[in-house]
Every structure is written in C-alpha cells, then in structure tokens.
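One letter stands for each residue in the lines below.
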Amino acid sequence: MFNNLLNSFHETVAEAKEDREQLDRLLTISTPRERLLVAAIAVFLCALLAWFFFGSVARSIVVDGVIVEQGETLPDGGISVEALAWINSEIAPDIAAGMPVLIEPEPADGDTYAPGGTVRAIAAEPVSGGPAAFETAAPVSVHRIDIVLETTLPQDRDPESLAGMKCRIVIELGRQSPIGLFLMR
C-alpha cells in the first residue's frame, strides 16, 4: 500500500478492489457442470467414508506348505488332505476349524488346479531332535493342517498325486471393517 509514494490512496484502493473481485470470480461455482462436479466429489467422499466404517475386507494369511498325505475320502465326496506349513506363532492360534482354505500349487509345478476347502484341524508339529523349550520361543513353527477339499478332483487328476505337492496355502481368517484393520495396526 505504501510501496509507491506517487500513487494516491484512491488508486491503491481501486487496485485492491479489482483483485478482490477477480478472486471472487475465480472461487464462484456458477455453471451447472461445475456444481455437478462438486456434487460428484461429495458423493464419492461420502461413499468412501461409509465403506471405511461399514464395509468389510477379508483378512487372510498365505503360508508355504507341502501336502504330506492324502487322507480318506469323505461320505459327502470331499477329500481330506494333510499339509505341513510354517506359520507365525502369533497367528497360528487365530486359525480354527471351518475357516476357508485355498491350496495354490507352486508355479514351478506347472499345475493350474487350485482346490478349495475348509480347515478341519490344526496342530503344531513337535520339534524333532531339539529341545521342546525352543519351540514356544520360535517366531515360526511347523503346523500340520488337516484340510477337507470341498471341490471334486478333475477327471484327469489322481487323488494320490496330491501327496508331496509343494503349495501356497491361503487361509481366510475372517472379515472386518477397514477402520478395524487400520486401528489394529
């Protein structure tokens, strides 16, 4: 305002008024297209916020394992298999019977068959040749997972061929809201 002493006070006020009017024109949402854009952004943010609190996200873990043996064929047509897997000791207690499971063969095997089923039972395998005291202190331990495959095997698939298959085992631990996952960390 006092930068140029040659300008009169009235000229300085007129320039400031023009700047405010220009700013008002820039901030005004005047066309229907602009209003529609603002409304769409508001709806999107409300939907995102609602999903954040009321939506659900699947929590699952993925472990590497080996199917060690095929169990019996069940009366409902399912096949029982047992797998050995390295599971984090903190997560292992969260796994319970009835949880959904997907067995994905290793890509090196070239097998595209990925049977699904449920956990029938899970138990920690005892450490062989070492003190049992170290087993509880280890961050990961070997667990034997008994899985009931709910899908029937393809015609070209021999049930005995599952034994010895290296795989990734995906176990769904449950579903919860995104805010619950965020607060859990």
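All values reported here derive from a predicted model rather than from experimental measurement.

1. Some words on the overall build of the protein
Along the protein, the regular secondary structure elements total four helices and six strands. Starting at the N terminus and walking to the C terminus, you meet the elements of the protein as α-α-β-β-β-β-α-β-β-α. The buried share of the protein, taken over its 185 residues, is 25%. Considering only contacts within the protein whose residues lie at least 6 apart along the sequence, 69% involve residues at least 24 apart.

2. Digging into the nonpolar core
Nonpolar side chains tend toward joint burial in soluble globular proteins. By size, the foremost hydrophobic cluster in this structure holds 24 residues, and its most contacted members are I67, V81, I95, I103, I147, I169 and I171. Here this core takes five residues from strand β2 (residues 79-88), the largest share from any one element. Excluding residues that lie within four positions of it along the chain, I67 makes contacts with V81, E82, A83, I103, L162, A163, G164, M165 and C167.

3. Focus on the environment of P178
One can find P178 in helix α4 (residues 178-184). Classification of P178 by relative accessible area gives buried; the value is 8%. Between the C-alpha atoms of P178 and F52, which are 126 residues apart in sequence, the distance is 5.3 Å. Setting aside its immediate chain neighbours within four residues, P178 contacts W51, F52, G55, S56 and V57.

4. Topic: the environment of A85
Looking at the secondary structure, you find A85 in strand β2. According to the relative accessible area criterion, A85 is buried, its value standing at 0%. It is 5.5 Å that separates the C-alpha atoms of A85 and V142, two residues lying 57 residues apart in sequence. Not counting residues up to four positions away in its chain, the partners in contact with A85 are V63, D64, G65, S141, V142, H143, I145 and I169.

5. Focus: the pairing of strand β3 (residues 100-105)
The side-chain alternation of β3 yields one buried face, formed by V101, I103 and P105, and one unburied face, formed by P100, L102 and E104. Here β3 runs beside strand β4 (residues 116-124); their pairing, made up of three bridges, is antiparallel. Bridge assignment links L102 to a residue of β4, and that residue is G116. Sheet analysis places β3 next to strand β6 (residues 166-176), joined by five bridges and oriented antiparallel.

6. Things to note about the packing of aromatic side chains
Within the structure shown, the criterion is met by one aromatic pair. A ring pair is formed by F52 and F53, whose centres lie 5.8 Å apart and whose planes are at 85°; its orientation type is edge-to-face. Using a relative accessible area of 43% as the deciding quantity, one classes F53 as partly exposed.

7. Points about the side chain of D146
Inspection of the secondary structure puts D146 in strand β5 (residues 140-149). Accessibility expressed as a relative area gives 14% for D146, which makes it buried. Engagement of the side chain of D146 in a polar contact is seen with the side chain of S80, the distance being 3.0 Å. Residues contacting D146, with those up to four places away along its chain left out, are S80, V81, E82, T118, V119, R120 and A121.

Conventions used here
Residues numbered from 1 in each chain as written. Predicted model: local features only at pLDDT ≥ 70, side-chain atom pairs only at ≥ 80, totals over all residues. Heavy atoms only, no water. Helix = DSSP H or I, 4+ residues; strand = E, 2+ residues; numbered from the N terminus. Buried < 20%, exposed > 50% of the residue type's maximum accessible area, 1.4 Å probe, protein only. Contact = heavy atoms within 4.5 Å. Core = buried A, V, L, I, M, F, W, Y, C linked by side-chain atoms within 4.5 Å. Pairing = 2+ DSSP bridges. Phe/Tyr/Trp six-rings, centres within 6.5 Å; stacked < 30°, edge-to-face > 60°. Polar contact = N/O pair within 3.5 Å; in protein donor to acceptor, adjacent residues only side chain to side chain.

Function cannot be read off these values alone, since they describe shape.
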